[in-house]
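# Understanding the architecture of this molecule
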Amino acid sequence: MLFRSVCFGSEEELLELSRKIAKDAEDNRWPEVEQAQDRLSSFDVRSSDSFDGKSIRDSRLREDRKVLVVGVERGSERTLGPSSEFVLKNGDLVWVVSE
């Protein structure tokens, strides 16, 4: 069984998580698993973008660009796992996972 997860945190927090996972794998002799090819990236929404003011569903990011929106930063607020009804706005930082 293959599990994939997306983790958010500071570089220091992510490095510590990586060390803990590696130690746990060594201690418990996890079987080797195939490396996931998914990629986490981000982009800023601009007023000129066709999806500015549209919900994630209506933006068609998944269908047209083959990405899954996993988070949105708006000012000092973060929304992890936004619903498909979440409306994207100019200035949002959108986090996506793609293959």
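Relevant structure appears above.
Heads up: these notes are all about the structure in this document. (Residues numbered from 1 in each chain as written. Predicted model: local features only at pLDDT ≥ 70, side-chain atom pairs only at ≥ 80, totals over all residues. Heavy atoms only, no water.)

## Notes on the nonpolar core
Applicable threshold: Nine residue types can take part in a nonpolar core, namely buried Ala, Val, Leu, Ile, Met, Phe, Trp, Tyr and Cys, and a core is a set of them joined through side-chain atoms within 4.5 Å. Exposure is judged per residue with a 1.4 Å probe applied to protein chains only, and the accessible area is read against the type maximum: over 50% gives exposed, under 20% gives buried, and values in between give partly exposed. For helices the rule is a DSSP run of H or I covering at least 4 residues; for strands it is a run of E covering at least 2, with both sets numbered from the N terminus onward.
Ranked by size, the top nonpolar core spans 11 residues in total: Val45, Phe51, Ile56, Leu61, Val67, Val69, Val72, Phe86, Leu88, Val94 and Val96. Contributions of two or more residues to this core are made by strand 2 (67-74) and strand 4 (93-98). Looking at this core element by element, the count peaks at 3 residues for strand 2.

## Focus: the sheet that holds strand 3 (residues 77-80)
Two orientations exist for strands paired in a sheet by backbone hydrogen bonds: parallel and antiparallel. For the record, the criterion: Paired strands are those between which DSSP finds at least two bridges. What counts as an axis is a line fitted to C-alpha atoms, over the stretch in contact for a helix, and the angles between N-to-C directions run from 0 to 180 degrees.
What the 4 strands build is an open sheet, ordered 1-4-2-3; its pairing is antiparallel. In the strand order of this sheet, the two ends are held by strand 1 (39-44) and strand 3, each with one partner. Strand-to-strand twist in this sheet, taken as the mean axis angle between neighbours without regard to direction, amounts to 25°. With 6 bridges joining them, strand 1 and strand 4 adopt antiparallel strand pairing. Residue pairing in the sheet places Arg39 in a bridge with Ser98 of strand 4.

## Looking at the packing of aromatic side chains
Test applied: Only rings of Phe, Tyr and Trp enter the pairing, Trp through its six-membered ring, and a pair is recorded when the two centres are within 6.5 Å. The plane angle decides the type: under 30 degrees is stacked, over 60 is edge-to-face, the rest tilted.
Considering all chains together, one arrives at 1 aromatic pair under this definition. With centroids separated by 5.6 Å and ring planes inclined at 75°, the aromatic side chains of Phe43 and Phe51 adopt a geometry described as edge-to-face.

## Examining the pattern of salt bridges
Inclusion rule: What makes a salt bridge here is a side-chain nitrogen of Lys or Arg within 4 Å of a carboxyl oxygen of Asp or Glu, nothing more.
Under the defined criterion, the tally for this structure stands at 4 salt bridges. A salt bridge links Glu85 to Arg57; its shortest N-O distance comes to 2.2 Å. You can see Glu85 sitting in the loop between strand 3 and strand 4 and its partner Arg57 sitting in helix 2 (residues 56-59), a full 28 residues away along the chain. We classify Arg57 as partly exposed; its relative accessible area is 48%.

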